[in-house]
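Residues per chain, in single letters:
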Amino acid sequence: MKAEERHELQQNDLVGSAAGLYLFIRKYGIYALLGIAIVVLIIELIQLHKANERRKVEEAAIALQQAQTPRQIQNTVLNSYKVPAISAQAYIRIGDFYLNLIAMGNPPAGFEKVKATKAQSIAAAQKAFQTVISDFPKQALAVARAELGLALAHEDAGQWSKAAAIYRTFTSPNASGIEKSFAPLAQYRLDHLKQWAQPVLVGPPQTQPTTTQAAVPPAKAPQRAK
């Protein structure tokens, strides 16, 4: 008899629990459904945002690849997209453009219709590389590349000590992993800076003029007596 009573009590508890759950769902179920809908909406928005970000990155990368001059890079990439990784690469492209301009002449005629003196090109390259270093510190690879570019600009400006200081950061034991990957290049340039700093003499060697005796004018013939 006691076993039957216990079984009946258990059944009553189950019925009471089911009834309570039914009442809870009936009263608060709309809020639960609303919460689920909100979570699903948030997940979809996150996925959509990620898709848009990927699309922007792809579009910015294509625009950077197609741009040729600093003005084109500024207008089609830097002014149109706010993608840190691509923006850092864009400034590096600008810096490299001016370094190439220096290497090709002062300035080369008709190079992408961009003309600048050597001093202007050096200043523009330094500004572009400094922008990467200061504005995009989280882009480690781009920062390392910009530091090397800045060192090259210092070389073109004859600022050999500044260039050497940058190269030493790449060969230092405290250099980052990315910096150490560029260490052989930095060491090579560091080893040759003194040689490159020497002025290059152009033209045939200068010789001292030899001294010669002045030519003696011939004596006049004596005049005949008339």
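Preceding this paragraph is the structure being described.
Attention in this report is confined to the structure presented alongside it.

Thresholds, definitions, all that
Residues numbered from 1 in each chain as written. Predicted model: local features only at pLDDT ≥ 70, side-chain atom pairs only at ≥ 80, totals over all residues. Heavy atoms only, no water. Helix = DSSP H or I, 4+ residues; strand = E, 2+ residues; numbered from the N terminus. Buried < 20%, exposed > 50% of the residue type's maximum accessible area, 1.4 Å probe, protein only. Contact = heavy atoms within 4.5 Å. Areas by Shrake-Rupley, 256 points an atom, 1.4 Å probe, with all protein chains shown as cover. Arc of directions from axis to C-beta.

## Focus: the overall build of the protein
For step 1, the next point in the chain: Secondary structure assignment for the protein yields 8 helices and 0 strands.
For step 2, the next point in the chain: Secondary structure elements of the protein, listed N to C terminal, follow the sequence α-α-α-α-α-α-α-α.
For step 3, the next point in the chain: When burial is assessed residue by residue, the protein has 27% of its 226 residues classed as buried.
For step 4, the next point in the chain: Taking contacts inside the protein between residues at least 6 apart in sequence as the whole, the part at least 24 apart equals 49%.
For step 5, the next point in the chain: Within the structure as shown, the protein displays about 16,900 Å² of accessible surface, and the carbon and sulfur contribution to it stands at 59%.

## Examining the environment of Ala-61
For step 1, the next point in the chain: Considering the arrangement of structural elements, one finds Ala-61 in helix H1 (residues 2-66).
For step 2, the next point in the chain: Separated by 24 residues in the primary sequence, Ala-61 and Ala-85 have C-alpha atoms spaced 9.5 Å apart.

## What about the environment of Ala-123?
For step 1, the next point in the chain: Note on placement: Ala-123 falls in helix H4 (residues 118-135).
For step 2, the next point in the chain: For the pair Ala-123 and Tyr-98, spaced 25 residues apart in sequence, the C-alpha to C-alpha distance is 9.0 Å.

## What to know about helix H2 (residues 70-78)
For step 1, the next point in the chain: Those residues of H2 that sit buried are Pro-70, Ile-73, Val-77 and Leu-78. The buried side chains of H2 occupy one side of the element, clustering within an arc of 70 degrees when seen end-on.

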